[in-house]
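A closer look at the structure
Each chain, letter by letter, is given below.
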Amino acid sequence: MNPLSNVEFTLLQIIAECKQASGYDINKLIDQRGYREWANIGTTSVYAGLKKLNDKGLIAHEESGEKSGKGPMPTRFVMTGKGIGALRDEVISSLSSSRERDNRFDLGLAALPVVKKDEAIEALHKRLDFLGESLNHLRQMYESQGGAHLPLHARALFLHPVSLIESEQAFVSNIIHELLGETKEHE
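The text that follows walks through the structure, step by step, so that each part is easy to find. Residue numbering note: each chain is counted from 1, following its sequence as written. With pLDDT at 70 or above as the cut-off, local features in this predicted model cover only qualifying residues; side-chain atom pairs require 80 or more to be listed or tallied, and sums for whole chains, interfaces and linings still use all residues. Processing note: side-chain calculations cover all non-hydrogen atoms of the structure and skip hydrogens and water entirely.

Each helix and strand counted, the protein chain has eight helices and three strands in total. Strands here mean DSSP runs of E at least two residues long; helices mean DSSP runs of H or I at least four residues long; both are numbered from the N terminus. For the protein chain, the N- to C-terminal ordering of α and β elements is α-β-α-α-α-β-β-α-α-α-α. In what follows, residue pairs with any heavy atoms lying within 4.5 Å of each other are defined as contacts. Residue pairs in contact within the protein chain that sit at least 24 positions apart in sequence constitute 62% of those at least 6 positions apart.

Written out as structure tokens, the structure is:
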């Protein structure tokens, strides 16, 4: 299956969390959580995304017995088995292989409850490995270009991403530590 768009990923996550949700419910949650700002999700894209997910068989719609206003009966969406599998795969993929800074990782973090803790921890360890490789590559490039002897503007082009990756490594390590702590509390 093709990877999910950010909108589709977010919609699946919200529907899974809510068990069932209408387009209105989803838009309300997107606003409350600030997804519009950092994941670039517009109101229209929510409804287009719901149609795409339904067409792919990842969600199903059912008429709601509840009516709160004068409009038509709201359609509520629920996850299908195929949708649950696709969401789990996307969470694991986004946590383990995303670039050092991209909103797919943030979406994966928002959907952590969808996967088992040990799966999340394994995916995050893969992310740490990826970040370590990226950091080593940047440092090698930095040194091969002259390192500390480079002019400031050239050094900054290397040192800025190095500091971001180091910060990301610390963040991911802390999340792993917290997940391990939760796992031990439940045992």
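Right, let's talk about the pattern of salt bridges for a bit. Salt bridges are defined as contacts in which a side-chain nitrogen from Lys or Arg sits within 4 Å of a carboxyl oxygen from Asp or Glu. Applying the stated criterion across every chain, the model contains eight salt bridges. A salt bridge links Glu122 to Lys126; the shortest N-O distance between them is 4.0 Å. Of this pair, Glu122 and Lys126 both sit in helix α7 (residues 117-144), four residues apart, roughly one helical turn. The cut-offs for exposure are 20% and 50% of the maximum accessible area for each residue type, with area from a 1.4 Å probe on protein chains only; residues under the lower value are buried, those over the upper are exposed, and the others partly exposed. A relative accessible area of 44% means that Lys126 is categorised as partly exposed.

Another point: the nonpolar core. Think of a nonpolar core as a cluster: buried Ala, Val, Leu, Ile, Met, Phe, Trp, Tyr and Cys residues, connected wherever their side-chain atoms sit within 4.5 Å. Membership of the largest hydrophobic core comes to 48 residues, with the highest contact counts inside it found for Leu12, Ile26, Leu50, Ile59, Leu95 and Leu124. Listed by contribution, the elements that provide at least two residues to this core are α1 (6-18), α2 (23-33), α4 (43-55), β3 (75-79), α5 (81-97), α6 (103-110), α7 and α8 (152-186). Ranked by the residues each element gives to this core, the list is headed by α7, at nine residues.

Contact geometry for α1 and α2: axes closest at 11 Å, N-to-C directions at 105°. In terms of their interaxial angle, α1 and α2 are classed as roughly perpendicular. Along the contact surface, α1 presents Leu11, Gln13, Ile14, Ile15, Glu17 and Cys18, while α2 presents Ile26, Leu29, Ile30 and Arg33. For this classification, Asp, Glu, Lys and Arg are treated as charged, while Ala, Val, Leu, Ile, Met, Phe, Trp, Tyr, Cys and Pro are nonpolar and the rest, including Gly, are polar. Here the residues of the contact of α1 with α2 are counted per class, giving seven nonpolar, one polar and two charged. Only the contacting stretch of a helix is used when fitting its axis, a line to C-alpha atoms as for every element, and angles between N-to-C directions run 0 to 180 degrees. In what follows, roughly perpendicular refers to angles from 65 to 115 degrees, roughly parallel to angles under 35, roughly antiparallel to angles over 145, and oblique to any angle outside these ranges.

Moving on, we get to the packing of aromatic side chains. Any Phe, Tyr or Trp ring, taking Trp's six-membered ring, that has another such ring centre within 6.5 Å forms a pair; planes under 30 degrees apart are called stacked, those over 60 apart edge-to-face, and the others tilted. Under the defined criterion, the tally for this structure stands at two aromatic pairs. A ring is considered to have a charge above it if a Lys NZ or an Arg CZ atom is located within 6 Å of its centre and within 35 degrees of its normal. One Lys or Arg, Arg127, reaches over the ring of Phe105 and ends 3.6 Å from the middle of that ring.

Contact geometry of α2 with α4 gives a least axis separation of 10 Å together with a crossing angle of 135°. In terms of orientation, α2 and α4 fall into the oblique class. In this structure, α2 meets α4 at a crossing whose hand is right-handed. On α4, the residues touching Gly23, Tyr24, Ile26, Asn27 and Ile30 of α2 are Thr43, Val46, Tyr47 and Leu50. Broken down by class, the residue content of the contact of α2 with α4 amounts to six nonpolar, three polar and no charged. Note on convention: near helix rotated counterclockwise from far helix by under a right angle means a left-handed crossing. Clockwise means right-handed.

To continue, consider the environment of Gln145. Structurally, the position occupied by Gln145 is in the loop between α7 and α8. Non-local contacts of Gln145, meaning those with residues more than four positions away in its chain, are made with Leu150 and Phe158.

Moving on, we come to the environment of Ser134. For Ser134, the location among the structural elements is in helix α7. A sequence separation of 27 residues divides Ser134 from Pro161, and the C-alpha atoms of the two residues are 9.6 Å apart.

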